[in-house]
Amino acid sequence: MKRRKALATIVWGTGALAALPYCTTNPYAIFDHLPFSLEEMEAIIALSKDMVPEYTDSFPTPEERAIFLLRMLNDLLTPQEQQTFAEGVKAFLKENPSFFKLSISEKESILMAGLAAENSALLTIKRFSLRHLMTTQAYMENIQQYEFIPGRYDGCVAVN
Amino acid sequence: MSQNNTYDAIVVGAGMAGGWAAKELTENGLKTLLLERGRNVEHLKDYPTTHLRPWEMKYRGALTAKDKLDNPIASRCYAFREDAKHFFVKDDEHPYIQQKRFDWLRGYQVGGKSIMWARQVQRWSDFDFEGPARDGFAVDWPIRYKDLADWYTKVEQFIGVSGNRDGLDVLPDGDFLRPWETNCVEDYFSQVVREHYKDRHVIYGRCAHLTESKPIFVQQGRGLCMSRNICQRGCPFGGYFNVNSTLIPWALQTGNLDLKPHSVVHSIIYDEQLQKATGVRVVDAQTKETTEYFAKVIFVAAATLNTNLILLNSVSNRFPNGLGNDSGLLGQYIAFHNYRGTINAVHEGHPNQITAGGKPTSHYVPRFRNVYRQETDFLRGYAAGFGASPIRHTSTERVGDALMDGLLNPQYTGQWRVGSHMMGETIPKASNRVWLDETQRDQWGIPLLNIDVDYDDNDEKMMQDFFEQFTEMYEKAGFKDITVNDNNRNPGNDIHEMGGVRMGRDPQTSLLNEWNQLHHCPNVYVTDGACMTSTSTQNPSLTFMAISARAANHAIEKLKKGEL
């Protein structure tokens, strides 16, 4: 009995070790529809934070920005939209190979130009990132005065 | 409850019409079987999203690509979102055949679409019941407003309707709870319209929400509406009317109701010797086994097109074309509401006012075209909604810290967004029809429904008139940046399909008599939208709830006298 248990432990442990490199190399592997490398995913996440800072102290979120963003890309976009998005990201990174080494103001300048040119990948990243921030409890309740249970309607209130 | 599956009454469909029939029948001591093809949804217990705040939803309310792919039709409905999609049927599990594009939006569960409905309720007037006879379309309704007035009151008192007594002949007042406060721009537009037009009115939108407490609502276990505006999820307060919070528990507490979900009604059983219907054949939705249930009276309220389907599928030697279908008209004269036209604008006249809180209704413009006389090149007319809300702008143009400055300082612009959408009456015609497919069947062995329904020239002219008239009204109010839009919604997307089993005086031109009995099989009643001879402009639910209550009480009296 003890030998059987020891063998089972070895088997399970070996299996777990075999899986470990895969888990540690791609923490976003669950988003299996996305046609990106890990490097590209990390670039998308970084672009998101450059465009829409997280400010998690003031606006804590139920999940990390990375998880939310990749989930939205994975689940809300159709395969064609994901492909178009992926091409847009690759093109941006190719045009700006040193983007992540630039200063904040240089990066923002490039991003604003890309958004003005309606780069759809940048627009998509920004849209989902804004949604993540603007639907936090703190933002909705403190900035938008959102009330889950208003219990009333005042039809003519003076603007403060 | 039953011996040998036998009841006093069977009701097919646990939505608003069927729910009302079941309530009336059970209250009057009839052992009643209520069949629902979908699952049970118990009030409170089965509202999985009702307490979720936006940040608690995985996609923050959005639909996934898979949701849209799997549900190409349902996803066109405004209420099919992350928080309520579980109350809609899955399109691929419930196929039908579109001869022309038709969005058949369905909620197969106890409560039906009463869980997700928009709760707008208006009575019909004699301008509506007399419409077909006066204007020469369809057939004359066999009832008038006076036949339904007391039943409207009964329904309103039980479900709770918030409204204002406006004193309009075109839209009779009801038994109302107090209205919500109106906002300054709603009041302003109402006043402008009143000053410029004698026959047009912008009034409070009557809605099935509790704004006052009364003993009946306390007895129902319902509380006041809290203005959350997420009614489609089901309400933990019972603040709006749905069947689950009100009619089902009420009927159950009589001890006379046997509720059977997962029961797909295949057909009605007709006994040729007795010359009456004796029961229904039911296919268990999960096991696919067939069971027969029997009763003296049967109410068919499976929602308009399913009611048509069941009757068409109820063939016998006596009725080879469907139960009661001697006229050959069963499935014809399907109609709906034309919701295609919208108008939007900006109002700058109340820059220092905003609103606070929320309310589940906006304003309403009752029909004003062709009411007292024919005055246009199209028949009948349209009602419209009117909504106004202050515009608050949040600057999201920048990136980085500059973006945050904008996000942290949303500003009221001093402008209001205003808009209206039309609700046009469509003219029933024989070419708008449904029929059973000869070869294709669903997973329960029931023929698929062919749907051939479309707009016509009358609808197009009506929409153009809506654009013109409302543009004029908006201009008189000084609204700016007026834009009109044809949203090209498919028929059916209004979710107000009606007809196919129309009421009328003559069995040669109608299927149902003035009491909603099939002319040729009087122990079968049809009281949902299928019975409607015309559509008017008003939301239909209040009317077929009143019709159901009236018909159920007729059945009760007939049964007591042994006449059914």
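Our structure is the block above this text.
Here is what the cut-offs are and how they apply
- Residues numbered from 1 in each chain as written.
- Chains lettered and ligands numbered in written order.
- Predicted model: local features only at pLDDT ≥ 70, side-chain atom pairs only at ≥ 80, totals over all residues.
- Heavy atoms only, no water.
- Salt bridge = Lys/Arg side-chain N within 4 Å of Asp/Glu carboxyl O.
- Helix = DSSP H or I, 4+ residues; strand = E, 2+ residues; numbered from the N terminus.
- Buried < 20%, exposed > 50% of the residue type's maximum accessible area, 1.4 Å probe, protein only.
- Contact = heavy atoms within 4.5 Å.
- Buried area = accessible area lost by both parts, 1.4 Å probe.
- Expected span 1.5 Å × (residues − 1).
- Polar contact = N/O pair within 3.5 Å; in protein donor to acceptor, adjacent residues only side chain to side chain.

### Brief notes about the pattern of salt bridges
Residue and element names in this part refer to chain B.
Right, on to step 1. Tallied over the entire structure, the rule returns 42 salt bridges over all chains.
Right, on to step 2. Note that Arg 281 is salt-bridged to Glu 292, the shortest N-O span being 3.6 Å. Here Arg 281, found in strand β7 (residues 276-284), pairs with Glu 292, found in strand β8 (residues 290-300); they are 11 residues apart in sequence, far enough to count as distant.
Right, on to step 3. Judged by relative accessible area, which is 27%, Arg 281 ranks as partly exposed.
Right, on to step 4. Glu 460 is paired through a salt bridge with Arg 340; the nearest N and O atoms lie 2.8 Å apart. Here Glu 460 is found in helix α11 (residues 457-476), whereas its partner Arg 340 is found in the loop between β10 (337-338) and β11 (341-347), with 120 residues between them in sequence.
Right, on to step 5. Look at Glu 460 and you get partly exposed, because its relative accessible area is 32%.
Right, on to step 6. Look at Arg 340 and you get buried, because its relative accessible area is 6%.
Right, on to step 7. One network of salt bridges, in which partners are shared, links Lys 23, Glu 24, Glu 27 and Lys 154.

### Here we look at the interface of chain A and chain B
Right, on to step 1. Contacts between chain A and chain B engage 47 residues on the former and 47 residues on the latter.
Right, on to step 2. Surface buried jointly by chain A and chain B totals about 3900 Å² across both partners, of which 64% is contributed by carbon and sulfur atoms.
Right, on to step 3. For the pair chain A and chain B, the interface holds 1 salt bridge.
Right, on to step 4. Linking A:Glu63 and B:Arg60 is a salt bridge whose minimum nitrogen-to-oxygen distance equals 2.7 Å.

### Some details on α11(B)
Residue and element names in this part refer to chain B.
Right, on to step 1. With 20 residues, α11 should cover 28 Å at 1.5 Å per step; its first-to-last C-alpha distance of 29 Å lies within 8% of that length.
Right, on to step 2. Taken together, the buried positions of α11 are occupied by Asn 458, Asp 459, Met 462, Met 463, Asp 465, Phe 466, Phe 467, Gln 469, Phe 470, Met 473 and Tyr 474.
Right, on to step 3. Its side-chain oxygen 3.0 Å from the backbone nitrogen of Asn 458, Asp 456 forms the N-cap of α11.
Right, on to step 4. Phi for Gly 478, located one or two positions after α11, is positive at around 80°.

All quantities given are derived from atomic positions and should not be read as evidence of function.
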